[in-house]
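# Tertiary structure, described
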Amino acid sequence: MLYDNFMKVAAAVIALSISQACMAESPPLTRAESSDYLATSRYADVMTFIHDLQRQSGLLRVETLGTSPEGKQIPLLVIGDPVPSSPADLHRDERAVVYFQANIHAGEVEGKEAALMLARSLVLELSPDILDRLVVLIAPIFNADGNDKISQDNRPRQNGPAEGVGIRFNGLNQDLNRDGMKLESPEVRGMVQNVLNRWDPVFFLDAHTHNGSYHEEPVTWVWGLNPMGDRALFDFMENTVWPGIEKRMRREFDTLTIPHGDFLDPRQPEKGWVPLGPEPRYLSNYVGLRNRLAVLDEQYPYVDFKTRVQGSYHLMVSFLDLLHDQRDRIVTLTREADRRTIERGLNPTSDDVFIIDHDQAALKRPVTIHGYEMKVEGEGRTVRVRPTETRQTYKDVPYLAKYTAKQTVSFPKGYLITVGDPEIIGKLREHGIVVERLVAPVRLPVEVFTVSKLTGSGRSTQGHYTSTVEGQATLEEREFASGTYYVRTAQSLANVAAYLLEPQSNDGLVFWNYFDRYLAYQWWPEPKEYPVYKVYDSVQLVTETEVY
Ligand SMILES: [Zn+2]
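One numbering rule holds for all chains: residues counted from 1, following each sequence as written. With the structure being a predicted model, the display of local features is reserved for residues of pLDDT at least 70 and the display and counting of side-chain atom pairs for 80 or more, all residues being used for whole-chain, interface and lining totals. Only heavy atoms go into the side-chain values, all of them from the structure, while hydrogens and water stay out.

### Quick look at the overall build of the chain
This is how the line gets drawn: Here a strand is any run of E in DSSP of at least two residues, a helix any run of H or I of at least four, and the numbering for each starts at the N terminus. Any residue under 20% of the maximum accessible area for its type is buried, any over 50% is exposed, and the rest in between are partly exposed; the area is computed with a 1.4 Å probe on protein chains only. Whether two residues touch is decided by their heavy atoms; if any such pair falls within 4.5 Å, the residues are in contact. Per-residue and other accessible areas were derived by the Shrake-Rupley procedure at a 1.4 Å probe size, with only the shown protein chains allowed to occlude residues.
For the chain, the count of helices and strands is 14 helices and 22 strands. In terms of its C-alpha atoms, the chain occupies a principal-axis envelope of roughly 80 × 65 × 40 Å. Relative to its full complement of 548 residues, the chain shows a buried share of 57%. Partitioning the contacts of the chain with sequence separation of at least 6, the portion at a separation of at least 24 is 78%. When the accessible surface of the chain is split by element, carbon and sulfur atoms take 48% of a total near 22,500 Å².

### Some remarks on the nonpolar core
In summary, soluble globular proteins display a tendency toward joint burial of nonpolar side chains. Rules: The nonpolar core is taken to be a set of buried Ala, Val, Leu, Ile, Met, Phe, Trp, Tyr and Cys residues, with the residues joined through side-chain atoms within 4.5 Å.
Ranked by size, the top nonpolar core spans 141 residues in total, and within it Y99, F100, V136, M191, F203, W221 and F319 carry the most contacts. When residues in this core are grouped by element, the largest group, 10 residues, is from helix α10 (residues 305-325). In contact with F100, not counting residues within four places along its chain, are L118, V136, L137, I138, A139, F203, L205, M316, F319, L320 and L323. In terms of nonpolar packing, the next biggest core, distinct from the first, is built from 11 residues, V442, L444, Y486 and L541 among them.

### Points about the packing of helix α3 (residues 43-56) against helix α4 (residues 110-124)
For the record, the criterion: All axes are obtained by fitting lines to C-alpha atoms, using only the stretch in contact for helices, and the reported angles, taken between N-to-C directions, cover 0 to 180 degrees. Just so you know how the angles are binned, under 35 degrees is roughly parallel, over 145 roughly antiparallel, 65 to 115 roughly perpendicular, and the rest oblique. Under the scheme applied here, ten amino acids are nonpolar (Ala, Val, Leu, Ile, Met, Phe, Trp, Tyr, Cys and Pro), four are charged (Asp, Glu, Lys and Arg), and all others, including Gly, are polar.
Running from amino to carboxyl end, α3 crosses α4 at an angle of 5 degrees, the nearest separation of the two axes being 10 Å. Judged by the angle between their axes, α3 and α4 are roughly parallel. Contacts from V46, F49, I50, L53 and Q56 of α3 reach α4 at K112, L116, A119, R120, V123 and L124. A per-class count over the contact of α3 with α4 returns eight nonpolar, one polar and two charged.

### Section: the packing of helix α8 (residues 231-253) against α10
Here is the rule we go by: Each crossing gets its handedness from the near helix: less than a right angle anticlockwise from the far helix is left-handed, clockwise is right-handed.
Close contact between α8 and α10 brings their axes to 9 Å; oriented N to C, the two are set at 125 degrees. Overall, the two elements α8 and α10 adopt an arrangement that is oblique. Read as a crossing pair, α8 and α10 show a hand that is right-handed. Packed against α8, whose contacting residues are T240, V241, G244, I245, R248, M249 and F253, the element α10 presents G311, H314, L315, V317, S318, F319, D321, L322 and D325 at the interface. Here the residues of the contact of α8 with α10 are counted per class, giving eight nonpolar, five polar and three charged.

### Thoughts on the coordination of the zinc ion
Put simply, the rule is: Think of the donor list as every N, O and S atom within 2.8 Å of the metal, or within 3.2 Å for Na, K and Ca; water never makes the list, so a site can look incomplete. Any site counts as irregular unless it has four donors with all angles between 85 and 135 degrees, making it tetrahedral, or four or six donors with opposite ones more than 155 degrees apart and the rest between 65 and 115, making it square planar or octahedral.
Distances from the zinc ion to its protein donors, H105 (ND1), E108 (OE), E108 (OE) and H208 (ND1), fall at 2.1 to 2.7 Å. For the zinc ion, the four donor atoms are set out with angles of 53 to 151 degrees between them, so the coordination reads as irregular.

### So, the packing of aromatic side chains
Here is the rule we go by: Here a pair means two rings of Phe, Tyr or Trp (six-membered ring of Trp) with centres within 6.5 Å. Their orientation is stacked below 30 degrees between planes, edge-to-face above 60, and tilted elsewhere. Look at NZ for Lys and CZ for Arg. If either is within 6 Å of the ring centre and within 35 degrees of the ring normal, a charge sits over the ring.
For the coordinates displayed, the defined rule picks out 17 aromatic pairs. Here the aromatic rings of Y99 and F204 are separated by 5.8 Å at their centres, their planes lie at 50 degrees, and the arrangement is tilted. One end of the pair, Y99, is in strand β3 (residues 96-102); the other, F204, is in strand β5 (residues 203-209), with 105 residues separating them in the sequence. The exposure class assigned to F204 is buried, which follows from its relative accessible area of 1%. Between the aromatic rings of F480 and Y533, the centroid separation amounts to 5.3 Å while the plane-to-plane angle is 65 degrees, which identifies the pairing as edge-to-face. Of this pair, F480 sits in strand β18 (residues 467-480) while Y533 sits in strand β21 (residues 532-535), and the two are 53 residues apart along the sequence. A relative accessible area of 3% means that F480 is categorised as buried. The class for Y533 is buried, based on a relative accessible area of 7%. One aromatic cluster in this structure is built from F100, F203, W221, W223, W242, F319 and Y399. For the cation-ring pair, K182 lies above W512, with the distance from its terminal atom to the ring centre recorded as 5.2 Å. When the ring centre of F411 is taken as origin, the NZ or CZ atom of R344, which lies over that ring, is 3.8 Å away.

### What to know about unusual backbone geometry
For the bond running from D81 to P82, omega is 5 degrees, close enough to zero to count as cis. Secondary-structure assignment places P82 in the loop between β2 (73-79) and β3. Residue P161 is reached from G160 by a cis peptide bond, and omega for that bond is 5 degrees. Considering the arrangement of structural elements, one finds P161 in the loop between α6 (144-147) and α7 (186-199).

### Observations regarding the side chain of S284
By the element assignment, S284 lies in helix α9 (residues 283-289). S284 gets classed as buried once you look at its relative accessible area, which sits at 5%. Apart from residues no more than four positions distant in its own chain, S284 is found in contact with F204, G224, A294, V295 and L296.

### What about the sheet that holds strand β4 (residues 134-139)?
Operational definition: DSSP calls a pair of strands paired once it identifies at least 2 bridges connecting them.
Judged by pairing direction, the sheet is mixed, and its eight strands sit side by side in the order β1-β2-β4-β3-β5-β10-β6-β7 without closing on themselves. Each edge of the sheet is formed by a strand with only one pairing partner; in this case those strands are β1 (60-67) and β7 (257-259). Each neighbouring strand pair of the sheet contributes to a mean axis angle of 20 degrees, computed without reference to strand direction. Here β1 runs beside β2; their pairing, made up of seven bridges, is antiparallel. Looking across to β2, one finds that R61 is bridged to V78.

### Some thoughts on the pattern of salt bridges
Inclusion rule: Salt-bridge detection follows one rule: a side-chain nitrogen of Lys or Arg within 4 Å of a carboxyl oxygen of Asp or Glu.
Following the criterion strictly, the structure yields 48 salt bridges and no others. Among the ionic pairs, R339 bridges to E343, the shortest N-O distance being 3.1 Å. Here R339 pairs with E343, and both are found in helix α11 (residues 327-346), just four residues apart, close to one helical turn. Look at R339 and you get partly exposed, because its relative accessible area is 35%. It is possible to trace a salt-bridge network through shared partners that takes in E108, R155, R168, D175 and R178.

### Examining the environment of Y514
Relative to the helices and strands, Y514 is located in the loop between α13 (494-501) and α14 (516-519). The sequence separation of Y514 and L541 amounts to 27 residues, and the corresponding C-alpha distance is 26 Å.

### Examining the pairing of strand β17 (residues 442-456)
Successive side chains on a regular strand alternate, one facing one side of the sheet and the next facing the other. Pairing between β17 and β18: 14 bridges, direction antiparallel. The partner of T450 across the bridge, within β18, is Q472. Inspection of the sheet shows β17 paired to β21 by two bridges, in the antiparallel sense. Residue pairing for β21: E447 is matched across the bridge by K534. As defined by bridge partners, β17 adjoins strand β20 (residues 528-529) across two bridges and the pair is classed as antiparallel. By the bridge assignment, V451 is partnered in β20 with K528.

What follows is the structure in structure tokens.
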């Protein structure tokens with residue numbers, strides 16, 4: 001039924017576009033469509049498209065996700081029937097909120113065109129079934145700064161559009177899909193504040209285009225993979241969503257999909273298929289840590305632009321259909337994940353751990369990849385592996401997307417922070433983590449982490465010479481003054497809080513240099529105490545709750 005509706009709208013749009021000149025209120029076309037896929041939409045095109053849709057439909061409202069470093073307002077479309085004026089309207093509402101964003105890397109533009117098409121399909125259908133159960137948020141042009149810096153030199157291996165595409169970075173030269181934990185870009189900060197914290201969508205999709213292995217499947221995607229995420233959500237993505245999307249894409253759109261990845265060794269493709277990695281600096285992994293369903297959509301760069309736009313659009317439509325079908329189950333799953341997270345924080349056991357290093361293993365279900373015979377060219381350091389013209393199907397390739405614990409530390413009831421550093425406390429609150437303060441001094445046993453060695457990385461990552469620490473954890477009794485900051489783990493964002501505050505976390509505030517000034521010595525080497533103390537004791541801490 002849903003597909004029928006989408007197809008009807010698509011047909012109507014095509015018909016109307018043919019006679020557009022004589023129609024006063026034709027559905028708007030994307031620049032990709034109107035240029036026969038030779039060009040991609042500029043920022044001004046996107047805004048005009050949105051305003052045209054708004055003029056034609058009452059189902060769409062536009063909020064601002066944030067302001068880019070170069071001063072552009074980043075539009076957030078809110079689509080509903082009726083369209084909510086704020087999240088407060090949804091308190092007694094059965095509808096679940098879902099969120100799609102595109103163009104985070106502004107050379108990867110097909111998601112932007114697809115997201116605009118998705119908005120048009122949703123609001124121009126008279127009574128689309130989908131809006132009975134869902135409120136759909138869409139940010140079609142997440143990286144507005146990078147979008148208009150169009151050149152044919154950008155992403156040269158990508159197959160069109162011929163006129164060229166924008167650049168990967170925002171106006172501060174930041175890679176927005178590495179900013180999930182440090183939140184240093186106005187775009188990602190805005191998304192966390194104005195989408196995740198404000199609307200609390202149960203589902204998140206981030207649209208990209210890959211640069212990697214050669215295969216016939218034009219559409220790849222994968223879910224949030226960080227192993228600190230909720231097990232039931234992983235199981236649902238792996239066992240229900242993966243086959244559900246695969247089936248919808250094949251049946252409704254005659255499109256092959258595979259989970260996102262690259263060959264572990266292109267010389268021997270059958271050895272394994274590996275995804276990008278589990279770190280929450282990647283936004284889909286970050287949203288997974290927040291106990292919500294998250295998807296990284298990676299279109300295949302070597303097929304033509306029109307195929308990629310349609311692949312992205314059809315993937316979004318397939319997800320909307322699945323979300324519509326599974327709405328009750330998804331809402332229950334995410335609520336249960338929050339409940340389990342809070343319960344663990346109330347009484348963590350020795351089985352509860354934080355993972356500081358992981359192993360990689362195969363999921364139960366292998367993947368079949370329609371690839372090519374590979375040939376090796378060159379020698380030594382110039383060796384390159386390239387596909388031949390000969391097709392070859394690689395069956396039962398292990399999909400190495402299961403990250404497991406290799407090295408762990410104990411998961412606490414909470415973290416006491418003795419430095420009132422506004423950058424550190426502010427960063428926690430930007431994520432939506434509840435930070436409290438003690439209203440009376442307290443003496444209690446805590447775990448103290450003494451840093452014996454702090455190592456800065458030899459090269460810069462996202463503008464940081466990142467820090468890693470070695471040290472010793474000991475249990476000691478300590479007194480904490482009134483006013484000490486406290487982050488309890490009995491909160492739904494506890495996994496994000498632990499990820500930010502654990503000293504040996506691979507994506508935390510120590511790693512991103514926020515604690516350097518407290519840990520690096522000025523004159524001579526000396527062990528330094530990490531000013532964050534883990535609480536395991538059942539002593540009731542008296543706090544003045546500050547909710548953000
Ligand atoms: Zn990308």
